[in-house]
Amino acid sequence: MKILITGNMGYVGPAVIKRLREEYSPKAELIGLDTGYFAHSLTDSLVLPETLLNQQIFADVRDIDQDFLVDNDLTDLDAVVWLAAISNDVMGELNPDLTKQINYLSAVNLAKLLKENAQKLNKQVSFTFASSCSVYGDGSGSGFDKDGNKLPVDENSEVNPLTAYAKSKRETEIALEPLADSTLKVTCLRFATACGMSDRLRLDLMLNDFAAGAVTEKEITVLSDGSPWRPIIATEDMAGGVAYAIQRSNLDEKGGDYLVVNIGSNDWNYQVKDFANMCGEAVDRTKVSINSAAEPDKRSYRVNFDKFTSLADKKYLPQETLQTAVEKLRDGIQNTPTIDTNYRTSKYMRINTLKGHIKEGRIDQNLRWIR
Ligand SMILES: NC(=O)c1ccc[n+]([C@@H]2O[C@H](COP(=O)([O-])OP(=O)(O)OC[C@H]3O[C@@H](n4cnc5c(N)ncnc54)[C@H](O)[C@@H]3O)[C@@H](O)[C@H]2O)c1
């Protein structure tokens with residue numbers, strides 16, 4: 001088994017590498033490919049996560065073509081896991097066209113090359129795409145119940161991507177569909193919002209931000225009234241989704257050649273105030289302030305994850321509990337001296353790192369390294 005993982009040196013990548021090494025060890029050849037924007041953003045890890053790989057390639061996904069695959073001995077891949085992305089709404093809006101090129105066009109380009117090469121070798125390959133529940137937009141795609149509350153969205157709900165980031169995810173899903181066949185198995189994993197500890201932690205995610213506030217300031221400030229619903233998932237459980245996608249059968253009753261599936265758990269649809277309270281309880285003497293006077297937040301939605309539960313074996317389904325995720329975050333943050341009360345202006349916010357690279361002349365406006 002020869003697997004290429006793009007965008008492996010980010011927040012989610014280390015958990016994916018670890019899981020794939022466990023699934024396929026020792027025979028699999030695992031190869032990472034990343035340009036390395038956040039490669040230096042390690043937290044308390046004692047071992048570089050990439051040591052679990054057979055090879056780390058530093059390259060830009062926009063430069064992948066057939067010559068690149070030949071030069072790097074990547075024409076006989078069995079699977080590609082596509083994590084590479086300008087990976088949230090704020091970064092995506094820096095330059096929507098670049099977001100489109102990196103997140104969407106480069107992903108589809110590699111899927112086409114993967115398929116062409118597989119046809120030459122007469123073998124079946126898989127392309128696993130890290131999509132996002134952000135394609136559902138405000139989450140009203142399933143309509144409302146009689147009390148006016150949004151019904152949970154599922155894979156048949158209308159999508160309504162609102163940002164450059166979300167649009168790039170949806171455009172990729174659409175472009176991958178016609179490529180899928182008995183040669184190329186495509187799985188689009190619509191991940192819930194990620195959370196939890198990672199060798200490359202990021203603190204621009206709600207639960208992680210609450211945990212950092214609790215540890216460093218003994219205070220969690222919830223700007224909304226705390227009522228909005230959010231589906232979240234721990235990075236280890238995202239990795240379970242990736243492992244599922246690579247090995248899944250493409251027989252019709254198991255999802256077919258092209259599968260779009262929400263990755264998360266119905267049990268992890270919580271209200272923001274529950275996340276805040278849980279983080280508050282995990283760290284002694286933490287004050288949780290909820291702005292009960294705030295206007296109701298329209299960005300409230302729940303997601304239905306029944307399809308994943310019905311398709312995947314239990315070992316691929318979410319295993320973490322919110323409590324264990326919060327405790328790992330708490331311990332990880334406590335053990336990382338570079339996370340302090342200034343964490344919101346630190347490298348653990350991806351946008352700060354990216355803007356810092358540009359400001360200091362390390363990367364140009366096209367997000368290319370200046371060598
Ligand atoms: N974290 C979440 O909440 C979440 C939720 C849903 C989906 N996802 C998706 O999962 C994937 C992984 O997310 P993450 O949180 O680890 O993101 P991340 O930003 O931490 O990591 C993305 C990686 O892609 C790399 N990358 C970006 N542009 C590149 C380029 N041009 N060439 C090569 N590498 C490039 C970056 O260097 C980085 O290491 C992304 O596709 C993201 O959109 C994440």
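Report follows, based on the coordinates. (Residues numbered from 1 in each chain as written. Predicted model: local features only at pLDDT ≥ 70, side-chain atom pairs only at ≥ 80, totals over all residues. Heavy atoms only, no water.)

### Concerning the packing of helix α4 (residues 96-121) against helix α5 (residues 164-176)
Between α4 and α5, whose axes approach to 9 Å, the crossing angle comes to 20°. With respect to α5, the element α4 is oriented roughly parallel. Judged by the sense of rotation from one axis to the other, the crossing of α4 with α5 is right-handed. Taken together, the residues of α5 that come into contact with α4 (itself represented by P96, T99, K100, N103, Y104, A107, V108 and A111) are A164, Y165, S168, E171, T172, A175 and L176. Across the contact of α4 with α5, the residue classes break down as nine nonpolar, four polar and two charged. (Axes fitted to C-alpha atoms, helices over the stretch in contact; angles between N-to-C directions. Helix = DSSP H or I, 4+ residues; strand = E, 2+ residues; numbered from the N terminus. Parallel < 35°, antiparallel > 145°, perpendicular 65-115°, else oblique. Left-handed = near helix turned anticlockwise from the far one by under 90°. Contact = heavy atoms within 4.5 Å. Nonpolar A, V, L, I, M, F, W, Y, C, P; charged D, E, K, R; others polar.)

### Quick notes on the nonpolar core
Counting 74 residues, the largest nonpolar core has I3, I5, L20, L203, L207 and I333 as its most contacted members. Setting aside anything within four residues of it in sequence, one finds I5 in contact with V16, I17, L20, I31, G32, L33, L53, V81 and L83. The next biggest cluster of nonpolar side chains, apart from the first, holds 43 residues, and it includes F38, L69, I86 and Y258. (Core = buried A, V, L, I, M, F, W, Y, C linked by side-chain atoms within 4.5 Å. Buried < 20%, exposed > 50% of the residue type's maximum accessible area, 1.4 Å probe, protein only.)

### So, the site of the ligand
The environment of the ligand is formed by 32 residues, the closest being D34, S87, Y165, R202 and R350. A distance of 3.2 Å separates a nitrogen atom of the ligand from a polar atom in the backbone of T35. Note that a nitrogen atom of the ligand is positioned 2.9 Å from one of the backbone N or O atoms of V61. Taken by itself the ligand offers 820 Å² of open surface, and the protein chains cover 98% of this. No other element matches the three residues that strand β5 (residues 125-132) contributes to the shell around the ligand. Looking at side-chain class alone, the shell around the ligand contains 18 nonpolar, eight polar and six charged residues. (Near = heavy atom within 4 Å. Polar contact = N/O pair within 3.5 Å; in protein donor to acceptor, adjacent residues only side chain to side chain. Areas by Shrake-Rupley, 256 points an atom, 1.4 Å probe, with all protein chains shown as cover.)

### Section: helix α8 (residues 272-282)
The set of residues buried in α8 consists of V272, F275, A276, C279, G280 and A282. Along α8, the residues classed as buried sweep out an arc of 165° about the axis, all on the same side. Buried-residue contacts for α8 involve α6 (206-217), β8 (219-222), β9 (229-234), β11 (269-271), β12 (287-290) and α10 (322-334). (Arc of directions from axis to C-beta.)

### Observations concerning the pattern of salt bridges
Taken as a whole and judged by the stated rule, the model has 19 salt bridges. E22 is the salt-bridge partner of K18, the closest N and O atoms lying 3.6 Å from each other. Separated by four residues within a single helix, K18 and E22 lie in helix α1 (residues 13-24), roughly one turn from each other. Note on K18: relative accessible area 48%, which makes it partly exposed. Relative accessible area serves as the criterion here: at 53%, E22 is assigned to the exposed category. The residue E236 makes a salt bridge to K328 at a minimum N-O spacing of 3.0 Å. Of this pair, E236 sits in helix α7 (residues 235-247) while K328 sits in helix α10, and the two are 92 residues apart along the sequence. (Salt bridge = Lys/Arg side-chain N within 4 Å of Asp/Glu carboxyl O.)

### A word on the sheet that holds strand β3 (residues 55-58)
A sheet is described by the order of its strands in space; here seven strands give the open sequence β3-β2-β1-β4-β5-β6-β10, paired in parallel fashion. Lying at the two open borders of the sheet, with one neighbouring strand each, are β3 and β10 (258-263). Taking the axes of each pair of neighbouring strands and ignoring which way they run, one obtains an average angle of 15° across the sheet. Pairing geometry for β5 and strand β6 (residues 184-191), over eight bridges, is parallel. Residue pairing in the sheet places F129 in a bridge with C188 of β6. Its contacts with the sheet put α4 on β1 (2-6), β4 (79-82), β5 and β6, and the angle it makes with β5 is roughly 170°. Strands β5, β6 and β10 of the sheet are contacted by α5, whose axis makes an angle of about 155° with β5. (Pairing = 2+ DSSP bridges.)

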